[in-house]
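Reading the structure
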Amino acid sequence: LLVVLGGPIGVYDDQDYPFLINEIACIRERLAARKPILGICLGAQLMAAALGARVYPGQHGAEIGWSPLESAPNVLTPAWFAPLLADGLSVFHWHGDTFDLPPGALHLAKTDKYEHQAFAIGDYALGLQFHPEVSAAGLESWYLGHASELHHAGIAAASLRRAAREHAGALEEASARFWKLWLDAVL
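Structure report, in brief. (Residues numbered from 1 in each chain as written. Predicted model: local features only at pLDDT ≥ 70, side-chain atom pairs only at ≥ 80, totals over all residues. Heavy atoms only, no water.)

Before going further, it helps to examine the overall build of the chain. Each helix and strand counted, the chain has five helices and 10 strands in total. Within the chain, the fraction of its 187 residues that count as buried is 48%. A separation of at least 24 residues holds for 71% of the contacts in the chain among residues at least 6 apart in sequence. Here the chain contributes 12 positively and 20 negatively charged side chains, and the mean placements of these two sets differ by 3 Å. (Helix = DSSP H or I, 4+ residues; strand = E, 2+ residues; numbered from the N terminus. Buried < 20%, exposed > 50% of the residue type's maximum accessible area, 1.4 Å probe, protein only. Contact = heavy atoms within 4.5 Å. Lys, Arg positive; Asp, Glu negative; His and termini not counted. Charge placed at Lys NZ, Arg CZ, Asp CG, Glu CD.)

Below you can see the structure in the form of structure tokens.
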């Protein structure tokens with residue numbers, strides 16, 4: 001399983017970060033070989049780009065904070081994804097970019113702000129725009145490392161911290177179920 005995580009750059013920033021070209025090529029090769037791959041945030045965007053989809057700055061601004069996912073319309077949700085769609089569950093978002101759904105992808109989830117939050121390719125690839133991997137304690141380094149971004153977005157770290165105390169425990173439990181089910185299905 002290859003896991004491609006997030007970061008504070010965009011897929012289209014390859015002039016400043018040329019490693020992105022090689023990373024997209026690596027992802028494209030892995031997808032062509034139908035080997036298991038998971039992309040989270042920037043990782044999902046890189047996967048979408050490797051599959052030929054457009055990645056671009058979101059028209060609704062940054063999505064930073066906690067909010068629920070909605071099931072994509074007219075989709076039979078795979079059982080392994082269901083824990084992340086549980087009533088009352090909020091997941092953590094931290095992105096400003098979005099992407100078009102890649103050709104052949106199964107659209108899994110959306111939010112009020114952005115249509116494409118999760119997609120699957122066959123039984124071997126999963127792209128997640130949101131962050132199911134976070135914990136309240138783990139987010140502390142994000143608040144510090146991205147203090148300037150939060151300031152410019154008008155978001156107080158204290159408000160994110162309060163929301164994490166409210167939502168992170170339930171996300172950790174739902175994510176543990178999701179990870180087990182998805183890994184059992186993909187590996």
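Structure shown, so let's carry the discussion forward.
Here we come to a nonpolar patch on the surface. Residues Leu-1, Val-3, Leu-5 and Leu-187 make up a contiguous nonpolar surface patch of about 380 Å² in total accessible area. When you line up the elements, Val-3 lands in strand E1 (residues 2-4). (Patch = residues over 30% accessible without salt bridge, like charges linked within 9 Å, V, L, I, M, F, W, Y side chains within 5 Å. Areas by Shrake-Rupley, 256 points an atom, 1.4 Å probe, with all protein chains shown as cover. Salt bridge = Lys/Arg side-chain N within 4 Å of Asp/Glu carboxyl O.)

Attention now goes to the sheet that holds strand E10 (residues 125-128). Strand order in the open sheet formed by six strands is E1-E2-E10-E9-E8-E5, and the pairing between neighbours is mixed. The open sheet has two free edges, formed respectively by E1 and strand E5 (70-71), since each of these has just one partner strand. On top of the sheet, helix H1 (residues 19-32) reaches E1, strand E2 (37-40) and E10; it is set at about 140° to E1, its chief contact. Here helix H2 (residues 42-50) sits on the sheet and contacts E1, E2, strand E9 (118-121) and E10; the angle it forms with E2, its principal contact strand, is near 120°. (Pairing = 2+ DSSP bridges. Axes fitted to C-alpha atoms, helices over the stretch in contact; angles between N-to-C directions.)

Given two aromatic rings, one states the distance between the centres and the angle between the planes to describe the pair. Within the structure shown, the criterion is met by 10 aromatic pairs. Ring plane angle 70° and centroid distance 6.5 Å describe the contact between Tyr-17 and Phe-19, whose orientation is recorded as edge-to-face. Residue classification places Phe-19 among the partly exposed residues on the basis of a relative accessible area of 44%. One aromatic cluster is present, formed by Trp-66, Phe-92, Trp-94 and Trp-142 through successive ring pairs. Above the ring of Tyr-56, the side-chain terminus of Arg-54 is found at 3.7 Å from the ring centroid. (Phe/Tyr/Trp six-rings, centres within 6.5 Å; stacked < 30°, edge-to-face > 60°. Lys NZ or Arg CZ within 6 Å of the ring centre and 35° of its normal.)

Turning next to the pairing of E9. In E9, alternate side chains face the same way, and those of Ala-118 and Ala-120 on one face and Phe-119 and Ile-121 on the other are all buried. Bridge analysis of strand E8 (residues 106-110) against E9 gives three bridges, and the strand direction is antiparallel. Across the sheet, Leu-106 pairs through a bridge with Ala-120, a residue of E9. Pairing geometry for E9 and E10, over four bridges, is antiparallel. From the neighbouring strand, Phe-119 faces E10, where its bridge partner is Gly-127. What sits between the antiparallel neighbours E9 and E10 is a turn of three residues, in which Gly-122 has the positive phi angle 55°.

With that settled, consider the nonpolar core. Ranked by size, the top nonpolar core spans 34 residues in total, and within it Trp-66, Phe-81 and Leu-126 carry the most contacts. Those elements that place two or more of their residues in this core are E2, strand E4 (63-67), strand E6 (91-95), E8, E9, E10, helix H3 (136-145) and helix H5 (157-186). With nine residues, the top contributor of residues to this core is H5. Among the nonpolar cores identified, the runner-up in size contains 23 residues, and Leu-20, Met-47, Ala-48 and Ala-53 belong to it. (Core = buried A, V, L, I, M, F, W, Y, C linked by side-chain atoms within 4.5 Å.)

On to H2, then. Residues lying three or four places apart along an α-helix face the same way, a consequence of the helix completing one turn every 3.6 residues. Within H2, nine of the nine residues are buried, which leaves it mostly tucked inside the rest of the structure. When H2 is considered as a whole, its buried residues turn out to be Leu-42, Gly-43, Ala-44, Gln-45, Leu-46, Met-47, Ala-48, Ala-49 and Ala-50.

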